[in-house]
2 protein chains.
Amino acid sequence: MSEHFPADSVGLVSPQSLDFDTPLTLDSGAVLERYTLVFETYGELNAARDNAVLICHALSGDHHAAGYHADTPHKPGWWDNCIGPGKPVDTNRFFVVCPNNLGGCAGSTGPLSLNPATGEPFGPDFPLITVRDWVESQARLADALGIETWAAVMGGSLGGMQALQWAVDYPDRLRHAVVIAAAPRLSTQNIAFNEVARHAIRSDGDFHAGRYYEHGVVPARGLMLARMLGHITYLSDDVLMAKFGRELRDGKLNYGYDIEFQIESYLRYQGESFVKRFDANTYLLMTKSLDYFDPAAKFDDSLAKAVARTQAKFFVASFSSDWRFSPARSREIVRALLEADLDVSYVELESELGHDSFLLEIPLYHAALAAWFQRIASDGGVP
Amino acid sequence: MSEHFPADSVGLVSPQSLDFDTPLTLDSGAVLERYTLVFETYGELNAARDNAVLICHALSGDHHAAGYHADTPHKPGWWDNCIGPGKPVDTNRFFVVCPNNLGGCAGSTGPLSLNPATGEPFGPDFPLITVRDWVESQARLADALGIETWAAVMGGSLGGMQALQWAVDYPDRLRHAVVIAAAPRLSTQNIAFNEVARHAIRSDGDFHAGRYYEHGVVPARGLMLARMLGHITYLSDDVLMAKFGRELRDGKLNYGYDIEFQIESYLRYQGESFVKRFDANTYLLMTKSLDYFDPAAKFDDSLAKAVARTQAKFFVASFSSDWRFSPARSREIVRALLEADLDVSYVELESELGHDSFLLEIPLYHAALAAWFQRIASDGGVP
């Protein structure tokens, strides 16, 4: 670990990757003959192999959850405030695994990868992936790493949905599920926002029906719009008001169509930065995964039935100002878990930071997570 | 009145128009040398000229508020459920005037009009218009119609903001202000949504910096996106869930990028219809008017001070599930009015129909409006 990094950081990390050549039949019926998963690990797997924690990322996340990459030494992983020595997910105790999801654009097989059938990038031919498919691919990763049972599967937002799906599909392979700022399935409004984002990308003249790689362009305008819109839904009205209010960029009104308010400038910046780091086809795929997520569907629409086979213990958390996946949605999950007679802890945290709260270092939130992971360690005999 | 129309309808109506050639200096400093206002009237102006009601339209509205046009005999005006013989705004008693706002695209001077300086449509050269500018142009319309004082100025959403601005700018020229589903000024989130809508239009390859008329195209994809997004914010999560839920268009999942859920189909239809009837430059202008609206700005940010000079009586209404301009925003208006010691009635209506509620025939809402207009009639001695 480099001395340039904070003492509670996992320090310098490098992604690993594993190739899988057992065909994976997807929910859609399509088959991935072979695929690669890129992932990072932090901490050490103990001799009993019972201290492993799977971190599942959300829509725009990747495998770089904690620590630093050599080429970006000032930018830690996306959940670095939560994962590290002495942090809530304490890497002195736990072996943490975070993969880039299938269909992603950070190294795991996805639309940017070469389609063996054509020698060209998959692009729009990459099959749609569901949360169930991710769980299946993550289970194979666990097999490859010699992890029979996760001490915990954990995630926020779409990541929390994966943790929930794990309890449905592999009820015996996790001891705890940590489901943060999630929902049992998307509401109509959630789907509607996703559809607007997709439509922005797909109607961009540079989209070329998803084959933009071949044209040497990216649908930058559409992806930028999708991100600007997404960003509004990640933040609460209150935090936007507190951060930007009606502050003017130039200190006065210009009565023109260029930027007047700081919030406009901020949104454009967010959109433009995102375009540089994210692939539009992956964005489409991730929003579809969200739309499709519905673990209760195959169990008479009863989430309680869906989770009935697990004995995993659940930690569920939500944030008061999250209007993308509001506390009411987390309470739906909690009610189903209680109906299934499961061990559930639920905390509804006061935060005016909106959906993004799950990524932020909010003291009460991190204290609750730390306490829960203390329990996970005790339950599992992890020292 | 045609016997083909319902008895409580104002029946067949025709727009009128008036040309104004006194230059209008706008908030932006620009000057409109001459302009035309298109408007409709319903009912009769009484001899005392004290029974006139001004209806102000919102973002995508126009002057056709009630009754039927000969060429669209099955499609009544946008507020027909509220305006007519025996309806809350009873045309047996009141003389109702509804103009198309300056900058609009339904006949009043706007981006589609010919710029006398060039002989070409104004397009992006049409000056930005504020709510104050609208009030000024409406005051001149009142002059032209011989209406010294409105019995009421009334509107919902952006229309309600005009009613509020009237009380600030012409405190003696209205006896009542009816302000429905409005806000004292836009929140950061409101502006953010507007900016995404504008960015969608402006980044459309067919926008041509607003000169799309000259290219024989319209920025249909951008305007469609703007409307789809707008539509989500006009409806509540609950009503979307009740109306569409997660219903599939084809009864099963197709695992493709085409429409899966009914809500997607509905949004696209809304977007496509809108493109056929609305001009993108006007949409941009209207969203800017919304952003700029801030009647308190010139009064030390005190709305109470802004309205201090009027003796108008206020009826303010909001809807429980409106998250675009929530009840909390109406309460801000009410607090300021009370601080200014004004006569205020405020009703917070239970409705799960979101912002769009103000356009709908909700019994308690219409009963409250009817009672208020009864009071307006009594106060003014209108029989």
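Fair warning: this is a prediction, and the values are worked out from it, not measured in the lab.

Q: Residue-level account of the overall build of chain A, with values.
A: Within chain A, the secondary structure is distributed over 10 helices and 12 strands. Computed over the C-alpha atoms, the radius of gyration of chain A is 21 Å, within 12% of the 21 Å expected from 2.2 N^0.38 for a compact globule of 383 residues. Across its three principal axes, chain A shows a C-alpha extent of roughly 65 × 55 × 50 Å. Buried residues in chain A amount to 61% of all 383 residues. Contacts in chain A between residues far apart in sequence, at least 24 positions, make up 71% of those at least 6 positions apart.

Q: Go over helix H9 (residues 327–339) of chain A with me, naming the residues and quoting the values.
A: Since the α-helix turns once every 3.6 residues, residues separated by three or four places project in the same direction. Residues and elements named next belong to chain A. Look at H9: 18 Å from first C-alpha to last across 13 residues, which is about the 18 Å you get at 1.5 Å a residue. Within H9 the residues assigned to the buried category are Pro327, Arg329, Ser330, Ile333, Val334, Ala336 and Leu337. In this fold, the buried residues of H9 make contact with helix H2 (158–169), strand E10 (176–180), helix H3 (188–202), helix H8 (303–306), strand E11 (313–319) and strand E12 (344–349). One or two steps after H9, the chain reaches Asp341, where phi turns positive at roughly 65 degrees.

Q: Any chance you could break down the packing of H3 of chain A against helix H7 (residues 280–292) of chain A for me, citing the residues and the numbers?
A: Residues and elements named next belong to chain A. The contact between H3 and H7 brings their axes to 10 Å, and the two run at 160 degrees. Our classification of the angle between H3 and H7 gives roughly antiparallel. Crossing handedness for the pair H3 and H7: left-handed. For the pair H3 and H7, the contacting residues are Ile191, Asn194, Ala197, Arg198, Ile201 and Arg202 in the first and Ala280, Tyr283, Leu284, Thr287, Lys288, Leu290 and Asp291 in the second. Counted by class, the contact of H3 with H7 contains seven nonpolar, two polar and four charged residues.

Q: Report on the sheet that holds strand E5 (residues 52–56) of chain A, specifying residues and quantitative values.
A: All names here are of chain A. Strand order in this open sheet of eight strands is E1-E4-E8-E5-E9-E10-E11-E12, and the pairing throughout is mixed. Of all strands in the sheet, those with a lone pairing partner are strand E1 (16–20) and E12, marking the two edges. Sheet twist, expressed as the mean angle between neighbouring strand axes with direction ignored, is 20 degrees. With six bridges connecting them, E11 and E12 associate as parallel partners. Of the residues in E12, the one forming a bridge with Ser318 is Glu348. Against the sheet, H2 makes contact with E5, strand E9 (152–156), E10 and E11, and its axis sits at roughly 150 degrees relative to E9, the strand it touches most.

Q: Summarise the packing of aromatic side chains; cite the residues concerned and give the values.
A: Evaluation of the coordinates by the stated rule reveals 38 aromatic pairs over all chains. With centroids separated by 4.9 Å and ring planes inclined at 50 degrees, the aromatic side chains of Tyr292 of chain A and Tyr255 of chain B adopt a geometry described as tilted. Separated into two different chains, Tyr292 of chain A in helix H7 and Tyr255 of chain B in the loop between helix H5 (237–243) and helix H6 (262–277) make up a pair that spans both. Residue classification places Tyr292 of chain A among the buried residues on the basis of a relative accessible area of 8%. Ring geometry for Tyr212 of chain B and Tyr213 of chain B: centres 4.5 Å apart, planes at 55 degrees, overall tilted. Judged by its relative accessible area of 1%, Tyr212 of chain B falls in the buried class.

Q: Can you explain the nonpolar core? Please cite residues and give values.
A: Ranked by size, the top nonpolar core spans 258 residues in total, and within it Ile180 and Phe314 of chain A together with Ile180 and Phe314 of chain B carry the most contacts. In this view, Phe314 of chain B contacts Leu164, Ala167, Ala177, Val179, Leu337, Leu342, Asp343, Val344, Ser345 and Trp372 of chain B; residues no more than four positions away in its chain are not counted.

Q: Lay out the pattern of salt bridges in plain terms, naming residues and giving numbers.
A: Counting across every chain of the model gives 50 salt bridges over all chains. Between Glu332 of chain A and Arg329 of chain A there is a salt bridge whose closest N-O contact spans 2.8 Å. One end of the pair, Glu332 of chain A, and the other, Arg329 of chain A, are both in helix H9, three residues apart, so they sit about a helical turn from each other. Judged by relative accessible area, Glu332 of chain A falls into the partly exposed class, the value being 32%. Glu136 of chain B serves as the salt-bridge partner of Arg140 of chain B, at 3.8 Å between the closest nitrogen and oxygen. Highlighted residues: Arg140 of chain B and Glu136 of chain B, both in helix H1 (residues 131–145), separated by four residues, approximately one helical turn. Arg140 of chain B gets classed as buried once you look at its relative accessible area, which sits at 18%. For Glu136 of chain B, a relative accessible area of 26% puts it in the partly exposed group. Overlapping salt bridges, with partners in common, bring together Glu195, Arg198, Lys288 and Asp291 of chain A together with Arg249, Asp250, Asp258, Glu264 and Arg268 of chain B in one network.

Q: Help me get a handle on the environment of Ala328 of chain B, residues and values and all.
A: Residue and element names in this part refer to chain B. The topology assignment puts Ala328 in helix H9 (residues 327–339). In this structure Ala328 comes out as partly exposed when scored by relative accessible area, which is 35%. Separated by 266 residues in the primary sequence, Ala328 and Asp62 place their C-alpha atoms 28 Å from one another.

Q: Can you tell me about the relation of the copies chain A and chain B, naming the residues and giving the values?
A: The transformation that overlays chain A on chain B combines an axial shift of 0.0 Å with a rotation of 180 degrees, and the residual RMSD is 0.0 Å. One copy is carried onto the other by what is essentially a two-fold rotation axis. When the interface residues of chain A are mapped onto chain B, 100% of them again lie at the interface, so the same face is used by both copies.

Scoring rules and cut-offs
- Residues numbered from 1 in each chain as written.
- Chains lettered and ligands numbered in written order.
- Predicted model: local features only at pLDDT ≥ 70, side-chain atom pairs only at ≥ 80, totals over all residues.
- Heavy atoms only, no water.
- Helix = DSSP H or I, 4+ residues; strand = E, 2+ residues; numbered from the N terminus.
- Rg over C-alpha atoms; globule rule 2.2 N^0.38 Å.
- Buried < 20%, exposed > 50% of the residue type's maximum accessible area, 1.4 Å probe, protein only.
- Contact = heavy atoms within 4.5 Å.
- Expected span 1.5 Å × (residues − 1).
- Axes fitted to C-alpha atoms, helices over the stretch in contact; angles between N-to-C directions.
- Parallel < 35°, antiparallel > 145°, perpendicular 65-115°, else oblique.
- Left-handed = near helix turned anticlockwise from the far one by under 90°.
- Nonpolar A, V, L, I, M, F, W, Y, C, P; charged D, E, K, R; others polar.
- Pairing = 2+ DSSP bridges.
- Phe/Tyr/Trp six-rings, centres within 6.5 Å; stacked < 30°, edge-to-face > 60°.
- Core = buried A, V, L, I, M, F, W, Y, C linked by side-chain atoms within 4.5 Å.
- Salt bridge = Lys/Arg side-chain N within 4 Å of Asp/Glu carboxyl O.
- Least-squares fit on C-alpha atoms with pLDDT ≥ 70 in both.

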